[in-house]
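As a plain string of letters, each chain reads:
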Amino acid sequence: MEITRETLIKRVAEESGYWQKDVRAVFNVLEDVILDYLSDTSKENKKVLIRLCGGIGIRGTFVDERDRIDPRNRNPIVCPETIKLGVNYSDGFKKRVQETYKEKKSRNNE
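Below, the structure is looked at part by part. Nothing here was measured: the structure is a model prediction, and the numbers come from that model.

With that settled, the discussion passes to the pattern of salt bridges. Tallied over the full model, the rule gives five salt bridges. The shortest N-O distance in the salt bridge between Arg 24 and Glu 6 comes to 2.7 Å. Remark: Glu 6 occurs in helix α1 (residues 5–16) and Arg 24 occurs in helix α2 (residues 20–38); sequence separation between them is 18 residues. For Glu 6, a relative accessible area of 32% translates into the label partly exposed. Arg 72 serves as the salt-bridge partner of Asp 70, at 2.9 Å between the closest nitrogen and oxygen. Residue classification places Asp 70 among the buried positions, given a relative accessible area of 7%.

In structure tokens form, the structure reads like this:
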């Protein structure tokens, strides 16, 4: 199952009582703000962690330029510096996902 951006916008609008156009505007700006903060990851600022909402964090980690071997031809190559992205989930968030799953499953079995 894939939850699209539009599905999220509709659901957030329903749950919050805001208009979809307002929620969409927030989503648009949020994307730009997250990109801007993650691009602050650097050699001096090795890690940026954005605590998106309770229990979810988006992480950007700086990776230095490094020497590697090309697996196709075994020649040496240099991988440029880059920002590695990841997501952190708190233990509490993971627990809440499992509890919500169990609740939905028990409701569906009734």
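With that settled, consider the environment of Phe 93. Counting through the fold element by element, Phe 93 comes out in helix α3 (residues 91–108). When the C-alpha positions of Phe 93 and Ile 56 are compared, they lie 7.5 Å apart, and in sequence the two are 37 residues distant. Setting aside residues up to four positions removed in sequence, Phe 93 forms contacts with Gly 54, Gly 55 and Ile 56.

Bringing unusual backbone geometry into the picture now. Positive phi, close to 65°, is recorded for Arg 74, a residue that is not glycine. Along the chain, Arg 74 falls in the loop between β3 (66–69) and β4 (76–79).

Let us look at the pairing of β4. Note that β3 and β4 share four bridges and pair antiparallel. Each bridged residue has a counterpart across the sheet, and for Arg 66 the counterpart in β4 is Cys 79. Hairpin connection between β3 and β4: a loop of six residues separates the two successive antiparallel strands, and Arg 74 in this loop has a positive phi of roughly 65°.

Time to look at the sheet that holds strand β5 (residues 82–89). Pairing is antiparallel across the open sheet formed by three strands, whose spatial order is β1-β2-β5. Lying at the two open borders of the sheet, with one neighbouring strand each, are β1 (47–53) and β5. With direction set aside, neighbouring strand axes in the sheet form an average angle of 20°. Pairing between strand β2 (residues 56–63) and β5: eight bridges, direction antiparallel. When the sheet's bridge partners are listed, Ile 56 is paired in β5 with Tyr 89.

For Asp 70, the position within the fold is in the loop between β3 and β4. The contact partners of Asp 70, leaving out residues within four places of it in the chain, are Asn 75 and Ile 77.

Attention now moves to the packing of aromatic side chains. In total, this model carries one aromatic pair according to the counting rule given. Summarising the aromatic geometry, the rings of Tyr 89 and Phe 93 are spaced 6.2 Å apart at their centres and angled 15° between planes, so their arrangement reads as stacked. Residue Tyr 89 is classed as partly exposed on the basis of its relative accessible area, which comes to 45%.

Here is what the cut-offs are and how they apply
Residues numbered from 1 in each chain as written. Predicted model: local features only at pLDDT ≥ 70, side-chain atom pairs only at ≥ 80, totals over all residues. Heavy atoms only, no water. Salt bridge = Lys/Arg side-chain N within 4 Å of Asp/Glu carboxyl O. Helix = DSSP H or I, 4+ residues; strand = E, 2+ residues; numbered from the N terminus. Buried < 20%, exposed > 50% of the residue type's maximum accessible area, 1.4 Å probe, protein only. Contact = heavy atoms within 4.5 Å. Pairing = 2+ DSSP bridges. Axes fitted to C-alpha atoms, helices over the stretch in contact; angles between N-to-C directions. Phe/Tyr/Trp six-rings, centres within 6.5 Å; stacked < 30°, edge-to-face > 60°.

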